[in-house]
Each structure stands twice: as structure tokens, then as C-alpha cells.
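# Structural overview
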There are 2 protein chains.
Amino acid sequence: MASGTVRDEEPRSRRIRRDFLASRRDLLEAAERLLAKQGGRFSLTDLAAEAGVSTATAYRHFPDVPTALDAYYTQLVELLVTRMEAVPPGPDALRRFVAVCEVWVREAVGWGPAVVHVRSSRGFLQRLRAEDPVIGRLFDALAPMLAKLADAGFIPPTPADYGVLLWVTVFDERVVVDLHDSLGWPAARIATELTGSILRALGRPAGATG
Amino acid sequence: MASGTVRDEEPRSRRIRRDFLASRRDLLEAAERLLAKQGGRFSLTDLAAEAGVSTATAYRHFPDVPTALDAYYTQLVELLVTRMEAVPPGPDALRRFVAVCEVWVREAVGWGPAVVHVRSSRGFLQRLRAEDPVIGRLFDALAPMLAKLADAGFIPPTPADYGVLLWVTVFDERVVVDLHDSLGWPAARIATELTGSILRALGRPAGATG
């Protein structure tokens with residue numbers, strides 16, 4: 001096939017790097033499927049089989065399943081934060097907050113059924129203080145959005161740690177998945193209800209508009 | 001010893017029953033200590049040793065550790081609900097709600113460090129619909145309190161499933177333990193802040209009194 005020729009012309013080091021990234025992506029996608037299907041109870045061999053790679057290849061990426069799950073969770077938070085930050089600032093901190101919440105819910109509806117099985121028993125603030133990089137990344141994205149809501153007068157000033165803890169708690173994947181699966185709510189309704197609840201919890205008057 | 005004489009006069013069946021209940025209590029208390037200390041990774045033999053009973057006795061109560069943890073969690077929710085329901089109705093649904101929330105936080109500060117390790121990956125509403133008796137017991141205690149708040153005009157009417165889900169989410173043991181351990185808040189402050197947040201989330205105007 002023609003692409004074979006092109007590929008042969010590629011430098012060997014670049015091809016190896018590309019194959020490495022491709023098998024990593026396949027393994028992380030496989031981890032998501034296995035988690036959603038059967039929870040966290042699978043071996044690295046199961047993961048390799050689900051990803052369609054050899055067990056030896058899986059071991060080149062991850063020494064064990066917990067490390068693979070950490071990598072899956074890290075990548076997912078990175079993607080979530082990137083998508084949240086891609087929401088245009090716009091003229092209005094409140095409208096941006098609402099849009100960011102909707103991005104979060106739409107993401108959580110997708111990966112929630114997998115992620116509910118990798119949640120830590122440690123608290124959000126506990127991990128933040130232990131300088132967990134994933135939690136730090138999420139906090140650093142969310143705290144300024146709350147500060148902007150307060151600066152613009154939409155909510156009263158709130159300590160960042162309490163405000164962010166409340167936000168991540170109400171938008172927990174388990175809550176989103178539960179509303180989606182148990183009550184049959186579509187993502188848009190979940191986003192509307194949870195956003196209303198968190199804004200009121202943060203002190204925005206019920207029924208306020210604009 | 002003198003009590004030995006009294007004990008010898010007790011009917012054998014009653015003594016056996018009493019010893020059975022005592023060893024069960026010891027095993028459930030041991031489960032709480034082990035969970036808080038090392039999470040859920042221990043064997044039934046470890047549990048028996050921690051409780052000071054023989055492994056054979058432990059097996060007479062529980063076929064395996066997950067069953068013991070279920071029994072621990074069931075007993076704990078039963079105790080929590082009993083203590084909530086023991087809060088006097090009084091003249092005012094709001095004051096009772098505040099008192100119930102404080103009971104919850106005080107309980108959660110005590111057993112939270114253990115319970116964060118036995119939380120289910122399944123959603124609250126999902127377990128309610130699957131007729132999980134423990135979740136049903138909690139829902140049946142909480143839903144009428146929200147209805148009374150609404151009847152008395154303190155919050156707008158809220159669908160019971162969404163309102164209770166929000167309440168149990170905000171009062172999650174992980175949140176309570178996190179505020180206690182990471183921010184050093186005493187139980188009274190945690191109760192005040194979380195109760196304010198959930199009441200506002202449920203639609204009570206911020207700053208409202210009485």
C-alpha cells in the first residue's frame with residue numbers, strides 16, 4: 001500500500017515515538033471501557049487485550065493497573081480543564097460560569113461511568129494540600145472563575161478553598177451520572193439544575209437574572 | 001469473681017445470645033478502626049485479631065470482609081437516622097433542620113475517616129431505585145424534613161429525589177472530613193457552613209433569618 005512507502009521514509013525515531021503515543025492512547029481508552037464495564041477489577045494483561053496491544057507493550061507504559069488508572073485520570077482532568085479554559089471569556093463572568101458548568105456536565109456524562117470507579121477516598125482539599133498535581137491543575141482553573149463571579153458582584157466573596165470544594169462536590173461525576181441514569185435527565189437539564197444549585201449555594205439570590 | 005456466679009445463673013441460651021452480640025459489636029468497632037487506619041485492605045483474620053476474637057468467631061458473623069463492611073455501614077446509617085429522628089420536632093421546621101444537620105456533621109466527624117473507604121461507586125438515587133434498604137432508610141428520614149421546610153415556606157417546593165441527593169452530596173463524609181482535617185474547622189463551624197450552603201442551594205434566600 002502507498003502509505004507503506006511514506007512510512008518507510010519517516011525517520012525511525014519519529015515512527016517509534018508515534019507508535020508509542022498511539023499504544024498509550026489505545027491503553028487509556030481501553031482503561032475507560034473496562035472501568036465503565038466492570039469497575040477497577042482487571043489486570044494489566046486484560047487491559048492490553050482490550051487495547052489490542054501485547055502485554056509487553058502495556059508494561060512499557062505502566063508498571064501496574066493503578067498507575068494506568070492514574071494516567072487515565074490525569075489525562076481526563078487535563079482534557080476537562082483545557083475544554084473549560086477554551087470557553088470564551090465573553091463580556092460576562094456569569095455567562096462564562098454557566099457555559100463552563102455545561103462543559104463539565106457534558107464531559108462527566110461521557111466519562112462518568114468509568115471515573116466513578118477511580119475516585120480517591122482522600123478529600124479534594126487534602127490532595128490539594130499534598131500538592132497532587134491533578135487536583136492543583138483543577139483548582140487553579142476553577143478558583144479564578146469563582147473570584148471573577150465575586151468581583152463582578154454575582155456572588156458574595158467566598159474563600160477559594162470552600163467555594164471550589166463545594167463546586168467540585170456538587171458536580172461530582174457520581175451526581176451527574178446518577179441524575180442521568182436514575183432520573184433520565186439529559187445533560188442540558190443536569191447542567192441547568194446543578195448550575196442553579198451551586199450558584200445559590202455560593203450566595204447568588206434565587207431567581208436572580210442577568 | 002462475684003459476677004461469675006451471677007453469670008452461671010443466667011440461662012445458657014441467653015448467655016450465648018449476649019456473647020454473640022458482644023462479639024459482633026467488637027467486630028464492627030474493629031472494622032471502623034481498621035478502615036480509618038488502613039482503608040479497606042484487610043482480611044477477616046486481621047479483623048478478628050483487631051477485635052480480640054477468634055477467626056472462627058468472626059466467620060460465624062460474616063462470610064467475608066465485604067459482608068462485614070456492609071454490616072458496619074448499615075449499623076452506622078441506622079444509628080445516624082435514629083439520632084436524627086431523636087431531634088425534637090419543636091415549633092419550627094427550619095430550626096429542626098439546622099439541628100439535624102449538626103447531628104449529621106458531628107456523627108460524620110467521628111466515623112468519616114472510616115466510611116470514606118466503604119463508599120459505593122453507585123449513585124444514591126441508583127441505589128434507592130434498586131431498593132437498597134440502607135439508602136431507603138436514609139431517604140425516608142430525609143425527604144419528609146425537606147417537605148416540612150417547603151410546607152413551612154422556608155424553601156420553595158423541591159422534588160424529593162433531587163433535594164435529598166443534593167443534601168447527601170453536600171454532607172458527604174468526605175466533605176466533612178476534608179473540612180475538618182484540611183482546614184481544621186471544628187464540627188460546629190462545618191455544620192454552620194454546610195447547612196447555610198444546602199439551604200441556599202435548596203432556594204432559601206441568602207441572609208434570611210427566622
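Residues numbered from 1 in each chain as written. Chains lettered and ligands numbered in written order. Predicted model: local features only at pLDDT ≥ 70, side-chain atom pairs only at ≥ 80, totals over all residues. Heavy atoms only, no water.

### Some words on the packing of aromatic side chains
Residues and elements named next belong to chain A. The line we're drawing: Between rings of Phe, Tyr and Trp, where Trp is taken as its six-membered ring, a pair exists when centres lie within 6.5 Å; planes separated by under 30 degrees are stacked, by over 60 edge-to-face, and by other angles tilted. The criterion is that NZ of a Lys, or CZ of an Arg, lies within 6 Å of the ring centre and within 35 degrees of the ring normal, and then a charge sits over that ring.
Per the counting criterion, the structure on display carries 8 aromatic pairs over all chains. Three or more aromatic residues link up through ring pairs in this structure, and these residues are F97, W104, W167 and F171. Between R189 and the ring centre of W185, over which it is positioned, the NZ or CZ distance is 4.0 Å.

### Topic: the UniProt feature "domain: HTH tetR-type" (unreviewed entry) in chain A
Condition: UniProt positions are given in the numbering used here, feature names are shortened, and annotations may be inferred rather than shown by experiment. Numbering goes from the N terminus for both helices and strands, where a helix is a DSSP run of H or I of at least four residues and a strand is a run of E of at least two.
Within the UniProt annotation, "domain: HTH tetR-type" (unreviewed entry) is assigned to residues 21-80 of chain A. Overall, residues 21-80 of chain A shows 82% helix and 0% strand. The separation of its end C-alpha atoms is 20 Å.

### Some thoughts on the relation of the copies chain A and chain B
In plain terms, the rule: Least squares is used to superpose the copies, and the fit set is the C-alpha atoms of residues whose pLDDT is at least 70 in both copies. In what follows, residue pairs with any heavy atoms lying within 4.5 Å of each other are defined as contacts.
Superposition record for chain A on chain B: RMSD 0.0 Å, screw rotation 180 degrees, translation along axis 0.0 Å. The transformation just described matches what one would write down for a two-fold rotation axis. Residue A201(A), judged by its C-alpha, is the member of chain A lying nearest the rotation axis, at 2.1 Å. Comparing contact sets, 100% of the residues at the interface of chain A also lie at the interface in chain B, consistent with an isologous, same-surface contact.

### With respect to the interface of chain A and chain B
Here is the rule we go by: The term buried area refers to how much accessible surface (probe radius 1.4 Å) is lost by two components on association, counted for both of them together. Salt bridge, as used here: a side-chain nitrogen of Lys or Arg that lies within 4 Å of a carboxyl oxygen of Asp or Glu. For the purposes of these results, a polar contact is taken to be a pair of N or O atoms within 3.5 Å, where, inside protein, one atom must be able to donate a hydrogen and its partner to accept one; residues adjacent in sequence count only when each atom of the pair is a side-chain atom. Each residue receives one of three labels: charged for Asp, Glu, Lys and Arg, nonpolar for Ala, Val, Leu, Ile, Met, Phe, Trp, Tyr, Cys and Pro, and polar for the others, Gly being one of them.
Taken together, the 33 residues of chain A in the interface contact 33 residues of chain B. Together chain A and chain B conceal approximately 2600 Å² of surface at their shared face, both sides included; 59% is due to carbon and sulfur atoms. At the boundary of chain A with chain B, the tally comes to 2 salt bridges. A salt bridge links D172(B) to R174(A); the nearest nitrogen and oxygen atoms lie 3.8 Å apart. Summed over the shared surface of chain A and chain B, the number is 20 residue pairs in polar contact (both at pLDDT 80 or more). Taken together, the residues that form the side of chain A that touches chain B break down as 15 nonpolar, 9 polar and 9 charged.

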